[in-house]
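Each chain, letter by letter, is given below.
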Amino acid sequence: MHPKYAYMDGDIVEWDKARVHVFSPAVRYATAVFECIPCVHGTDGIKIFRLDDHLKRLEYSCKMMRFSDVEYDLRQGIFDVIERNNFTQDILVRPMVYLGGESPGGSIGSKGKSSLAITAYPKPIPKYQKHGCHIQVSSWRRISDEAMPARIKATANYQNGRMAELQSHHDGYDGSLLLNQRGNVSEGPGQCFMMVRDGMLITPDVNSDILESITRDTILELARNQGIQTEERTVDRSELHMADEALFCGSTSGIVPITGIDGIKVGDGKIGSLTHDISKMYHDALRVDSGRGWITKFHD
Ligand code: PMP
């Protein structure tokens, strides 16, 4: 089952009508950037998490890709999609800016009018939150900032994560972790990585070829606020096996405990207490206004 409606360039359209041409730069060259915004449903309607921050990152992504300004009201488009679909569960909202032109002759560097599509759909049921996952350090390396803009959310970047993910599943693991070109820990295919050593929450810094993740930022802020010590720094591969706890985090996946890496248990192989605390803090932050302006309420 899919949602009823999507948004395309200013209009709400039926889901099946939300299409782009096969000859568009978006299809031919993955000329598109997007966001994935978590929203929770409660008795007081839908709450959109860190909307401004997601829209700001989308703006940076568009700037980097030299996309022309989007002519449409993005915020209103998001509200319209949510409203028209009448969701009664937690959802993900995915605005995408892309080059949708379809005339032959366009080269890889051609520009054109930016299109805006917004989809919203029920949040998938998380797979590994209860028991954790066992991941593989991939032999594929994370794209380097010298080759692709790793810190923005460009669809093209996801070929990299896909290679790692397919390999890990083929090899019998639940998921993958990528090292960067320098051989240091970078991130998962669609999540940031964190680990705990002696009570310290450690995560690769933003110069480790990671996406500038909003969930990562959220957790660091919440953890610091609770007096948990944090470090953003280069993480060596061998440190993975010194960790007491490890986790993935992201808007789509939430907090995912990692209980094994490359056939070696993380800590004692069970979900650690700090991981539990972080999951709870994040769960609450999505729902309860902390005065940080993170929640936009949408009443239907
Ligand atoms: N890294 C990658 C490659 C991702 O796709 C995501 C998910 N958007 C993340 C990290 C986590 O980012 P965020 O917390 O902003 O969702």
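In the block above lies the structure referred to throughout.
Just so you know, these numbers come straight off a predicted model, no measurement behind them.

Two quantities define a packed helix pair, namely the angle between the axes and the distance from one axis to the other. Interhelical geometry of helix α5 (residues 214–225) versus helix α6 (residues 273–287) gives an angle of 110 degrees and a closest axis separation of 10 Å. On the basis of the axis angle, α5 is roughly perpendicular to α6. In this structure, α5 uses Thr 215, Thr 218, Ile 219, Leu 222 and Ala 223 to contact α6, whose residues at the interface are Ile 278, Met 281, Tyr 282 and Ala 285. Classifying every residue of the contact of α5 with α6 by side-chain character gives seven nonpolar, two polar and no charged.

Moving on, we get to helix α3 (residues 74–85). Counted at 1.5 Å a residue, the expected span for α3 with its twelve residues is 16 Å, and the 17 Å between its end C-alpha atoms agrees. Residues Leu 74, Gly 77, Ile 78, Phe 79, Val 81, Ile 82 and Asn 85 constitute the buried set of α3. By the N-cap criterion, in which a side-chain oxygen at the helix start approaches the backbone nitrogen of a residue two or three places on, α3 is capped by Asp 73, the distance to Arg 75 being 3.2 Å. Directly beyond the C-terminal end of α3, a positive phi value near 50 degrees is found at Asn 86.

Okay, the side chain of Ser 253 next. Following the sequence through the fold, Ser 253 ends up in the loop between β14 (245–250) and β15 (254–261). Among all residues touching Ser 253, those that are not within four sequence positions of it are Gln 129 and Gln 191.

Over the atoms a probe the size of a water molecule is rolled, and this reveals where empty space is left. The full count for this structure, using the stated rule, is one cavity of 30 Å³ or more. Its boundaries defined by the atoms lining it, the largest cavity holds a volume of some 30 Å³. In this structure, the largest cavity is lined by Asp 244, Glu 245, Ala 246, Pro 257, Ile 258, Val 266, Lys 270, Ile 271, Gly 272 and Thr 275.

With that out of the way, let us pick up the pattern of salt bridges. Following the criterion strictly, the structure yields 19 salt bridges and no others. For the salt bridge of Glu 239 with Arg 233, the shortest nitrogen-to-oxygen distance reads 2.8 Å. Relative accessible area serves as the criterion here: at 24%, Arg 233 is assigned to the partly exposed category. Across the pair Lys 280 and Asp 284 runs a salt bridge whose closest N-O atoms are separated by 2.7 Å. Highlighted residues: Lys 280 and Asp 284, both in helix α6, separated by four residues, approximately one helical turn. In this structure Lys 280 comes out as exposed when scored by relative accessible area, which is 52%. We classify Asp 284 as partly exposed; its relative accessible area is 30%. What emerges from the salt-bridge pattern is a single network uniting Arg 197, Glu 231, Arg 233 and Glu 239.

Close to the ligand lie 15 residues, the nearest being Lys 153, Tyr 158, Ser 213, Thr 215 and Ser 251. Lys 153 places a side-chain nitrogen or oxygen 2.5 Å from a nitrogen atom of the ligand. Glu 187 is positioned such that a nitrogen or oxygen atom in its side chain is 2.8 Å from a nitrogen atom of the ligand. Coverage of the ligand by the protein chains reaches 98% of its 380 Å² of free accessible surface.

Below, the discussion takes up the pairing of strand β9 (residues 175–179). Most of β9 sits inside the fold, with five of its five residues counted as buried. Side-chain alternation along β9 places Gly 175, Leu 177 and Leu 179 on one buried face and Ser 176 and Leu 178 on a second face that is also buried. Of the strand pairs in this sheet, strand β8 (residues 133–141) and β9 are connected by four bridges, and their pairing is parallel. Along β9, the bridge assignment pairs Arg 141 with Leu 179. Read from β8 through helix α4 (residues 158–170) to β9, the crossover connection turns out right-handed. As paired strands, β9 and strand β10 (residues 185–187) are joined by two bridges and run antiparallel to one another. Looking across to β10, one finds that Leu 179 is bridged to Val 185. What sits between the antiparallel neighbours β9 and β10 is a turn of five residues, in which Gly 183 has the positive phi angle 85 degrees.

Calculation criteria
- In this convention, every chain numbers its residues from 1, walking through the sequence in written order.
- Whole-chain, interface and lining totals are the exception, using all residues; otherwise, since this is a predicted model, local features are given only for residues with pLDDT of at least 70 and side-chain atom pairs are given and counted only at 80 or more.
- Side-chain measures here rest on the full set of heavy atoms in the structure, leaving out hydrogens and waters.
- Simply put, an axis is a line fit to the C-alpha atoms, just over the touching stretch for a helix, and the angle between two N-to-C directions goes from 0 to 180 degrees.
- Under the DSSP-based scheme used, a helix requires at least four consecutive residues in state H or I and a strand at least two consecutive residues in state E, with every element numbered from the N terminus.
- Every angle not falling under 35 degrees, over 145, or within 65 to 115 is termed oblique; those three ranges are roughly parallel, roughly antiparallel and roughly perpendicular.
- The contact rule is simple, with two residues in contact once any of their heavy atoms fall within 4.5 Å.
- In the scheme used here, Gly and all other residues not listed as nonpolar or charged are polar, with Ala, Val, Leu, Ile, Met, Phe, Trp, Tyr, Cys and Pro taken as nonpolar and Asp, Glu, Lys and Arg as charged.
- The span one expects for a helix is its residue count, reduced by one, times 1.5 Å.
- Classification of residues uses two cut-offs on accessible area relative to the type maximum, computed with a 1.4 Å probe and protein chains only: under 20% is buried, over 50% is exposed, and between them is partly exposed.
- Any N or O atom pair separated by 3.5 Å or less is treated as a polar contact, with the protein-specific requirement of one donor-capable and one acceptor-capable atom, and with residues adjacent in sequence counted only for side-chain atom pairs.
- Using a grid of 1 Å spacing that covers the protein atoms alone, one calls a set of points a cavity when a 1.4 Å probe fits there but cannot get out, and a pocket when the set is open and has protein on both sides within 12 Å along at least five of seven lines; lining residues are those with an atom within 4 Å of a point.
- Grid points are joined across faces, edges and corners, and a volume is the space filled by probe spheres set on the points.
- In what follows, salt bridge is the name for a side-chain nitrogen of Lys or Arg lying within 4 Å of a carboxyl oxygen of Asp or Glu.
- Working definition: residue near molecule or strand if any one of its non-hydrogen atoms lies within 4 Å of it.
- Residue-level accessible areas treat just the shown protein chains as cover; the underlying method is Shrake-Rupley with a 1.4 Å probe.
- A pair of strands is labelled paired if DSSP reports no fewer than 2 bridges between them.
- Here is how to tell: hold the view so the strands point away, follow the path from the first strand over the helix to the second, and if it runs clockwise the crossover is right-handed.

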